Amino acid sequence: MAVKDRDRFSTATRIRLLGEQTAARVYRSQTKRQARRSRLTGRAALLALVMCSLIVALAYPMREYVSQRAEIEDLQREQRQARERVERLRDLKARWQDDAYAEQQIRRRLHYVMPGETGFIVVDPRAAKQSRTDLGAADRPWYSNVWDGVDKADASDR
């Protein structure tokens, strides 16, 4: 026993025990500190702030870019349609320059006939039914009839 008691009071043993106790205290304090510590560090918070600032700063220009691209596509589509319409009108103008086409259209639209020909007009039965429904127009004031005629003429253009 004397060796064991002497070993207990030796300097090396005391230093070793003191080191083990200190290491245990440090380990316990580190685990407590890690458990309490938030996962969000200062650097991470700064990075999140910078990223949010960039997103907010770029949101409006990106929205404008997208809207301008959509507007450009709409204008290009309108330009294509206008070019197609111009091309159709040029073709129509070239057809009207031909005397045979002009004569055909005059005969069809104005019901002209050449000397010696007999002209016939075929009446559409649906048109006759429509004119019978307009017989009630005589009972109305004249300005109502005029206004209805303007409406019908406007509707036929569509």
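What you are looking at is a predicted structure, and each value in this text was computed from that prediction instead of being measured.

**Student:** How would you sum up the overall build of the protein? Please name residues and give values.
**Tutor:** Across its full length, the protein holds six helices and zero strands. Accessible surface, the protein: about 15300 Å² in total, of which carbon and sulfur atoms supply 58%.

**Student:** Residue-level account of the packing of aromatic side chains, with values.
**Tutor:** Applying the stated criterion to the full structure yields two aromatic pairs. The interplanar angle of 85° and the centroid separation of 5.4 Å between the aromatic rings of Trp 96 and Tyr 101 together place this pair among those described as edge-to-face. What makes Trp 96 partly exposed here is its relative accessible area of 33%. Aromatic side chains Trp 142 and Tyr 143 sit 5.9 Å apart centroid to centroid with 80° between the ring planes, which places their arrangement in the edge-to-face category.

**Student:** So, the side chain of Gln 105: which residues are in play, and what are the values?
**Tutor:** By the element assignment, Gln 105 lies in helix α4 (residues 99-110). Residue class for Gln 105 comes out buried when judged on its relative accessible area of 6%. Excluding residues that lie within four positions of it along the chain, Gln 105 makes contacts with Trp 96 and Leu 110.

**Student:** Go over a nonpolar patch on the surface with me, naming the residues and quoting the values.
**Tutor:** Nonpolar side chains collect at one region of the surface, where Leu 46, Leu 47, Leu 49, Val 50, Met 51, Leu 54, Leu 58, Met 62, Tyr 65 and Val 66 lie side by side and expose about 1000 Å² of accessible area between them. Within the secondary structure, Val 66 sits in helix α3 (residues 42-97).

**Student:** Residue-level account of the pattern of salt bridges, with values.
**Tutor:** As enumerated under the stated definition, the model contains five salt bridges in all. Residues Asp 148 and Arg 140 are paired through a salt bridge, measuring 2.6 Å at the closest nitrogen-oxygen approach. Residues joined in a network through salt bridges with shared partners are Glu 103, Arg 107 and Glu 117.

**Student:** Got a sec to walk through α3? Specific residues and values, please.
**Tutor:** For α3, with 56 residues, the first-to-last C-alpha span of 82 Å sits near the 82 Å given by 1.5 Å per residue. The largest bend along α3 measures about 35° and falls at Ala 59, with the proline Pro 61 one to four residues further on.

**Student:** Give me the lowdown on the confidence of the model for the protein, citing residues and values where you can.
**Tutor:** Mean pLDDT over the protein works out to 83, with 80% of the residues at or above the 70 mark. Confidence, expressed as mean pLDDT per element, reaches its minimum in the protein at helix α1 (residues 2-8) with 56 and its maximum at α3 with 95.

Definitions and cut-offs
Residues numbered from 1 in each chain as written. Predicted model: local features only at pLDDT ≥ 70, side-chain atom pairs only at ≥ 80, totals over all residues. Heavy atoms only, no water. Helix = DSSP H or I, 4+ residues; strand = E, 2+ residues; numbered from the N terminus. Areas by Shrake-Rupley, 256 points an atom, 1.4 Å probe, with all protein chains shown as cover. Phe/Tyr/Trp six-rings, centres within 6.5 Å; stacked < 30°, edge-to-face > 60°. Buried < 20%, exposed > 50% of the residue type's maximum accessible area, 1.4 Å probe, protein only. Contact = heavy atoms within 4.5 Å. Patch = residues over 30% accessible without salt bridge, like charges linked within 9 Å, V, L, I, M, F, W, Y side chains within 5 Å. Salt bridge = Lys/Arg side-chain N within 4 Å of Asp/Glu carboxyl O. Expected span 1.5 Å × (residues − 1). Bend = angle between axes of the 7 residues up to and from the residue. pLDDT = per-residue confidence, 0-100.

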